[in-house]
Amino acid sequence: MEKKKLFENIAGYDGIKEELMNIYGWYKDKELLNSKDVNLPRGILFCGEPGNGKTLFIREYSKALDCPSYSITGDNKDVCKEITETFAKARKNKFALILIDEMDLLIGKDSQILRVLQSELDGLNKNGNVLVLATTNSRRLLPSALIRPGRFDRLINVDAPRGKEVMQIYKFWLEKLHVDMSNIDLVHIERISRRMSCASIKTVVNDAYLRGKTKLTTKDLEIAREKAIVGDYTKYDPLEYRNYRIAIHEAGHAVMGLRFGKHYHVYNAKFCSSGGYTTVYENNNLEDSIEKRLEQIQISLSGPLAERVFFKRHDVGSVIDIDRAQDYCSRLIERTCYNGFGDYVTPIIDNNRPDTNEHHRRTEKATYKILKKQEKDAYRYLKKHKKEIRLLADCLYTKGEITSDDIHKLLNIDDYYGSSINKRMIPQSAIAYTSSLEDNNSNK
């Protein structure tokens with residue numbers, strides 16, 4: 001079966017498709033199937049965040065192999081019995097598949113279920129009469145004893161699409177809806193869609209189509225992204241103190257994004273019905289370094305830290321930014337063995353045993369060190385650039401949105417309040433409120 005036909009419903013992810021095609025060929029090779037000296041994979045584990053096609057890959061792959069398939073769902077009261085009975089049914093066939101979606105939820109904290117599953121995997125014929133396909137949202141949620149050679153031999157990461165994959169997915173869904181793409185700049189759309197899931201991209205295209213049918217422009221997709229993903233369904237005049245606080249928060253992200261202009265580009269900052277957001281995307285640079293990842297952490301922290309600079313504390317809405325920064329830290333540790341104080345170092349964490357308490361303890365300790373160090377550096381920078389933050393926040397508070405051009409223009413003006421944007425455009429109550437908070441907090 002041709003690759004295009006095999007994965008006709010999946011756009012992008014060429015590397016994953018290539019690997020799955022190889023495995024597909026092995027199972028169609030009678031000589032390999034009958035060989036006593038070759039061990040075919042017993043399990044393929046698809047890892048990655050929700051919405052990027054793990055389950056779709058399993059569904060498409062099971063259809064392509066054209067053989068009996070059995071699912072373990074965990075719906076039965078006796079999950080252990082369900083596992084043993086499913087494997088027994090599969091073994092009766094010349095070749096069969098067993099599908100386990102979200103395997104981490106199936107196992108949970110039940111060690112008995114884990115032992116039964118491991119035992120059944122160990123009992124599979126080495127020349128591959130049964131292949132297990134499973135998914136998980138995070139490899140770290142599964143014990144290393146399960147994801148080792150002889151059980152799950154292939155780990156396939158289905159992460160959020162990047163670069164040309166984003167464009168391929170947009171193009172796939174636009175073509176499916178017969179949209180004329182002559183007025184759509186896919187390069188620009190890719191830049192503002194980084195870190196979006198495949199499901200989110202599909203939602204954006206669908207929303208744009210519902211509003212504009214087949215005649216779409218780049219702007220239509222931008223608006224659809226704001227409405228479908230960010231939740232911006234209203235345009236309102238920000239006249240409350242809370243909104244000025246949001247403006248400070250988003251201006252913090254923008255200023256920090258500008259600081260790391262070598263690797264990142266600040267696209268815009270905007271108010272929306274759920275609060276506000278700032279779009280900062282990576283420049284087209286193939287280099288992937290520790291330096292870039294640390295900058296990413298500081299950009300995530302800069303919104304809450306900007307609030308702290310002006311108000312001595314941050315709002316509850318900052319939790320998402322802080323959680324994201326913490327996740328970036330954990331990934332940095334897991335993937336590069338970075339301990340927060342140097343470059344690449346001798347692994348401080350045994351990545352082959354992610355289920356041990358010692359692993360979790362070391363991961364948390366290293367994450368805390370990185371987070372505190374980057375937080376300290378970012379806070380110091382933002383405090384030094386309060387004027388620039390205030391400048392952008394005032395404009396955002398007034399206009400509701402500032403673009404990259406606005407940001408660069410504003411920060412090149414020497415005498416801000418003597419220029420085209422007048423201080424009186426900002427309600428005096430808001431300025432007095434913010435200033436009084438700063439004064440009160442400075443006297444504590």
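In this text the structure is predicted, and so the values were computed from the model without any measurement.

Peer 1: Please set out the overall build of the chain residue by residue, giving values where relevant.
Peer 2: Of regular secondary structure, the chain possesses 18 helices and 8 strands. Residues counted as buried form 49% of the 444 residues belonging to the chain. Within the chain, contacts between residues separated by at least 24 positions form 74% of all contacts whose residues are at least 6 apart in sequence. Counting only carbon and sulfur atoms, one obtains 49% of the accessible surface of the chain, whose full area is about 22,500 Å².

Peer 1: Describe the packing of aromatic side chains, naming the residues involved and giving the relevant values.
Peer 2: Per the counting criterion, the structure on display carries 4 aromatic pairs. For the pair F46 and F57, a centre-to-centre distance of 6.1 Å together with 15° between the ring planes defines the contact as stacked. Pair noted here: F46 is in strand β1 (residues 43-47) and F57 is in helix α4 (residues 54-65), with a separation of 11 residues, a long-range link. Residue F46 is classed as buried on the basis of its relative accessible area of 0%.

Peer 1: Explain the packing of helix α2 (residues 14-28) against α4 residue by residue, including any values.
Peer 2: Remark: α2 packs on α4, axes separated minimally by 11 Å, with the N-to-C direction vectors making an angle of 30°. Taken together, the axis directions place α2 and α4 in an arrangement best described as roughly parallel. By crossing handedness, the relation of α2 to α4 is classed as right-handed. Two secondary-structure elements touch here, α2 through I16, K17, L20, I23, Y24 and K28 and α4 through F57, Y61, A64 and L65. By residue class, the composition of the contact of α2 with α4 is 8 nonpolar, no polar and 2 charged.

Peer 1: An account of the sheet that holds strand β5 (residues 154-157) is requested, with residue identities and associated values reported.
Peer 2: The strand order across the open sheet formed by 5 strands is β2-β3-β4-β1-β5, and the pairing between neighbours is parallel. At either margin of the open sheet sits one strand with a lone partner, and together these are β2 (69-71) and β5. Taking each pair of neighbouring strands and ignoring which way they run, the sheet shows an average axis angle of 20°. As defined by bridge partners, β1 adjoins strand β4 (residues 130-136) across 5 bridges and the pair is classed as parallel. The residue bridging F46 from the neighbouring strand is T135, located in β4. Most of the contacts of α2 go to β5, to which it runs at about 150°, and overall it touches β1, β4 and β5.

Peer 1: I'd like a description of the pattern of salt bridges, backed by residues and values.
Peer 2: Taken as a whole and judged by the stated rule, the model has 15 salt bridges. Residues D207 and R211 are paired through a salt bridge, measuring 2.8 Å at the closest nitrogen-oxygen approach. Remark: R211 and D207 occur in helix α10 (residues 198-212); sequence separation between them is 4 residues, near one turn of the helix. A residue is classified by how much of its surface remains accessible, and D207, at 13% relative accessible area, is buried. What makes R211 exposed here is its relative accessible area of 51%.

Peer 1: Could you give me a rundown of unusual backbone geometry, with the residues and numbers involved?
Peer 2: Despite not being glycine, Y13 has its phi angle at roughly 55°, a positive value. As for its position among the elements, Y13 is in the loop between α1 (3-6) and α2. The backbone phi angle of H178 is positive, close to 60°, even though this residue is not glycine. Note on H178: relative accessible area 65%, which makes it exposed.

Peer 1: Got a sec to walk through the environment of E250? Specific residues and values, please.
Peer 2: If you trace the backbone, E250 turns up in helix α12 (residues 241-259). Here E250 is in contact with A269, G276, Y277, T278 and L396, once residues within four sequence places are set aside.

Peer 1: Please give an account of the packing of helix α13 (residues 290-311) against helix α16 (residues 386-399) that cites residues and values.
Peer 2: Packing of α13 against α16 brings their axes to within 11 Å, and their N-to-C directions diverge by 105°. Between α13 and α16, the angle is such that the two are roughly perpendicular. Residues A306, V309 and F310 of α13 form the contact with α16, whose own contacting residues are K386, I389 and R390. Of the residues belonging to the contact of α13 with α16, the class tally is 4 nonpolar, no polar and 2 charged.

Peer 1: An account of helix α5 (residues 79-91) is requested, with residue identities and associated values reported.
Peer 2: Compared with the 18 Å implied by 1.5 Å per residue over 13 residues, the 19 Å span of α5 between its first and last C-alpha is a close match. Along α5, the positions that sit buried rather than exposed are V79, C80, E82, I83, T86, F87 and A90. Looking straight down α5, one finds its buried side chains confined to an arc of 160°; they lie on one side. Lining the buried residues of α5 we find β2, β3 (96-100), α6 (103-107), α7 (111-122) and β4. Residue D78 occupies the N-cap position of α5, its side-chain oxygen lying 3.4 Å from the main-chain nitrogen of C80.

Peer 1: Please provide a residue-by-residue account of the confidence of the model for the chain, values included.
Peer 2: Per-residue confidence for the chain gives a mean pLDDT of 77; residues scoring 70 or more make up 80%. This stretch, residues 341-354, has a pLDDT under 50; its non-local contacts, to residues over four places away or in other chains, come to 28 contacts. Note that residues 413-444 has pLDDT below 50 and, in this model, 35 contacts with residues that lie over four places away or in other chains.

Reading the values: rules and limits
- Residues numbered from 1 in each chain as written.
- Predicted model: local features only at pLDDT ≥ 70, side-chain atom pairs only at ≥ 80, totals over all residues.
- Heavy atoms only, no water.
- Helix = DSSP H or I, 4+ residues; strand = E, 2+ residues; numbered from the N terminus.
- Buried < 20%, exposed > 50% of the residue type's maximum accessible area, 1.4 Å probe, protein only.
- Contact = heavy atoms within 4.5 Å.
- Areas by Shrake-Rupley, 256 points an atom, 1.4 Å probe, with all protein chains shown as cover.
- Phe/Tyr/Trp six-rings, centres within 6.5 Å; stacked < 30°, edge-to-face > 60°.
- Axes fitted to C-alpha atoms, helices over the stretch in contact; angles between N-to-C directions.
- Parallel < 35°, antiparallel > 145°, perpendicular 65-115°, else oblique.
- Left-handed = near helix turned anticlockwise from the far one by under 90°.
- Nonpolar A, V, L, I, M, F, W, Y, C, P; charged D, E, K, R; others polar.
- Pairing = 2+ DSSP bridges.
- Salt bridge = Lys/Arg side-chain N within 4 Å of Asp/Glu carboxyl O.
- Expected span 1.5 Å × (residues − 1).
- Arc of directions from axis to C-beta.
- Polar contact = N/O pair within 3.5 Å; in protein donor to acceptor, adjacent residues only side chain to side chain.
- pLDDT = per-residue confidence, 0-100.

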